[in-house]
Amino acid sequence: MFALLRSVWDEPRPARGAARLWWDWALVVVLLLIAALEAVLRPGLETRAGSLAVAVALLPLLLIRRTRPLVAVAGAFGVAAVASLVFGGEPELGVLVFMVLFPYSLFRWGSGREAVIGLAVMLGKVVVSAVLGYVGAGETVAGAAVLGAACAAGAAVRYRGRARAREFEQVKLLERERLARDLHDTVAHHVSAMAIRAQAGLALAPARPEAAVEALALIESEASRALTEMRTMVRALRRNDSADMAPSPGVADVALLASPGTPGPEVDVRIDGPVGDLSRSVGTAVYRLAQEAVTNARRHARHATRVEVRVTVGGSSVRLRVSDDGDSGTTAGEGHGLIGMKERASLLGGTCEAGPGAGRGWTVTAVLPLTGAGR
């Protein structure tokens with residue numbers, strides 16, 4: 001039990017997003033207008049001005065509930081406690097229900113010790129109101145239940161976000177492992193070529209001394225390419241399980257993704273430009289990205305009849321574009337497949353983006369350097 005409490009106390013704050021968003025300001029403005037209207041129009045309020053003053057004092061705390069959740073909770077429930085003592089009862093405005101956002105934010109964004117301290121502050125406020133008779137037993141139980149539900153919701157979203165981040169990290173690691181395997185095949189190809197060139201040079205050297213020089217030049221070229229691939233491979237993660245023995249696909253294999261006459265959307269592939277300028281690692285990456293994009297389109301693009309795959313080699317980069325004509329907005333958002341695609345492109349020094357097409361469907365666009373040199 002002590003170990004469990006200690007782990008809760010030592011729980012760090014989760015990775016936090018934006019401190020505040022535009023809709024935080026909009027929420028404060030909307031709640032302020034509602035509070036003012038309720039204070040003016042609602043009949044039977046005994047502490048009309050005082051309740052409005054409490055609401056006005058509490059609303060700015062919504063803007064710091066992510067960055068300083070304990071301060072927001074302590075300030076909100078502290079002000080509410082003081083108001084109860086001054087008014088001889090609880091503030092009457094119904095708009096103050098927004099206070100449930102403070103315990104939610106505390107358990108969503110706060111550290112373990114902040115959550116424990118904040119929970120003590122909230123329970124203290126509830127107990128004080130109950131002891132002084134400002135709320136009945138039923139209201140006390142209901143209030144504690146609402147606070148508990150808000151805290152539980154915050155904790156659930158917190159740990160769901162952590163689990164999702166862990167899943168995404170696993171997808172990235174898996175994609176790095178696959179890339180390392182592909183690059184392993186590429187490096188092995190270069191090393192084999194160097195060995196063959198060296199053997200040929202040695203065999204021809206007695207009769208043609210210049211053949212040794214030619215072999216050395218070719219070995220230098222292959223070695224330079226192998227070193228480039230190895231630098232990229234080192235940046236990728238690789239586990240100790242056995243590697244896939246199947247040969248790595250290349251950019252020419254993208255044409256195999258075409259599916260004329262098969263069930264589902266027709267896949268049309270076109271490859272333009274000097275594909276021979278691509279390194280093996282980039283060619284494999286283009287195929288993997290196209291394969292994943294086509295699979296996603298066939299699986300998720302509702303009412304799609306056609307998937308276009310365009311590979312264009314030019315200048316210092318190769319561009320891949322995969323688009324479908326399905327209903328707009330029917331493809332899932334940034335799932336595991338897209339995360340893996342972005343990770344593979346990034347490791348090779350390129351980019352990969354996906355989103356709704358200009359007219360219909362979904363479009364995936366990737367741009368990779370011809371050499372595959374990473375950052």
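Attention in this report is confined to the structure presented alongside it. Computed from a predicted structure; not experimentally measured. (Residues numbered from 1 in each chain as written. Predicted model: local features only at pLDDT ≥ 70, side-chain atom pairs only at ≥ 80, totals over all residues. Heavy atoms only, no water.)

### Digging into the nonpolar core
By size, the foremost hydrophobic cluster in this structure holds 32 residues, and its most contacted members are Leu58, Leu93, Phe98, Met99, Phe102 and Met122. Counting residues per element, the ones that place at least two in this core are helix H2 (22-41), helix H3 (48-58), helix H4 (69-87), helix H5 (101-109), helix H6 (112-131) and helix H7 (137-204). Tallying contributions element by element places H4 first for this core, with six residues. Once you skip the residues sitting within four places of it in the chain, Leu93 turns out to touch Ala35, Glu38, Ala39, Arg42, Leu45, Ser51, Leu52 and Ala55. Residues Val251, Val267, Val322 and Leu338 belong to the second largest nonpolar core, which totals 31 residues. (Core = buried A, V, L, I, M, F, W, Y, C linked by side-chain atoms within 4.5 Å. Buried < 20%, exposed > 50% of the residue type's maximum accessible area, 1.4 Å probe, protein only. Helix = DSSP H or I, 4+ residues; strand = E, 2+ residues; numbered from the N terminus. Contact = heavy atoms within 4.5 Å.)

### Quick look at the side chain of Ser129
Relative to the assigned elements, Ser129 resides in helix H6. Ser129 sits in the buried class, given a relative accessible area of 3%. Sequence-distant contacts of Ser129, that is, excluding residues within four places in its chain, are made with Ser84, Glu90, Tyr134 and Val135.

### Focus: the pattern of salt bridges
Applying the stated criterion across every chain, the model contains eight salt bridges. Across the pair Asp272 and Arg270 runs a salt bridge whose closest N-O atoms are separated by 3.2 Å. On the basis of relative accessibility, which here comes to 29%, the residue Asp272 falls in the partly exposed class. Of the charged contacts in the structure, one is a salt bridge between Arg306 and Glu308, with a shortest N-O distance of 3.2 Å. Residue classification places Arg306 among the partly exposed residues on the basis of a relative accessible area of 30%. One network of salt bridges, with partners in common, ties together Asp268, Arg306, Glu308 and Arg310. (Salt bridge = Lys/Arg side-chain N within 4 Å of Asp/Glu carboxyl O.)

### Some words on the packing of H2 against H3
Between H2 and H3, whose axes approach to 9 Å, the crossing angle comes to 175°. Looking at the two axes, H2 sits roughly antiparallel to H3. Taken together, the residues of H3 that come into contact with H2 (itself represented by Leu32, Ala35, Ala36, Glu38, Ala39 and Val40) are Arg48, Leu52, Ala55 and Val56. Residue classes in the contact of H2 with H3 are distributed as eight nonpolar, no polar and two charged. (Axes fitted to C-alpha atoms, helices over the stretch in contact; angles between N-to-C directions. Parallel < 35°, antiparallel > 145°, perpendicular 65-115°, else oblique. Nonpolar A, V, L, I, M, F, W, Y, C, P; charged D, E, K, R; others polar.)

### What to know about H4
With 19 residues, H4 extends 27 Å between its outermost C-alpha atoms, agreeing within 8% with the 27 Å of an ideal straight helix rising 1.5 Å per residue. The complete set of buried residues in H4 reads Pro69, Ala72, Val73, Ala76, Phe77, Ala80, Ala83 and Ser84. For H4, the arc enclosing every buried residue in end-on projection is 115°, short of the 170-degree limit, so these residues lie on one face. Opposite its buried face, H4 presents the exposed residues Leu85 and Val86, each directed more than 90 degrees away. Following H4 by one or two positions, Gly88 has its phi on the positive side, about 70°. (Expected span 1.5 Å × (residues − 1). Arc of directions from axis to C-beta.)

### A word on the packing of H3 against H4
Direction vectors running N to C along H3 and H4 enclose 165°, while the axes themselves pass 10 Å from each other. As far as their axial angle goes, H4 and H3 are roughly antiparallel. H4 is crossed by H3, and the crossing has right-handed handedness. Residues Gly50, Ser51, Val54, Ala57 and Leu58 of H3 form the contact with H4, whose participating residues are Gly75, Ala76, Val79, Ala83 and Phe87. Of the residues contributing to the contact of H3 with H4, the split by class is seven nonpolar, three polar and no charged. (Left-handed = near helix turned anticlockwise from the far one by under 90°.)

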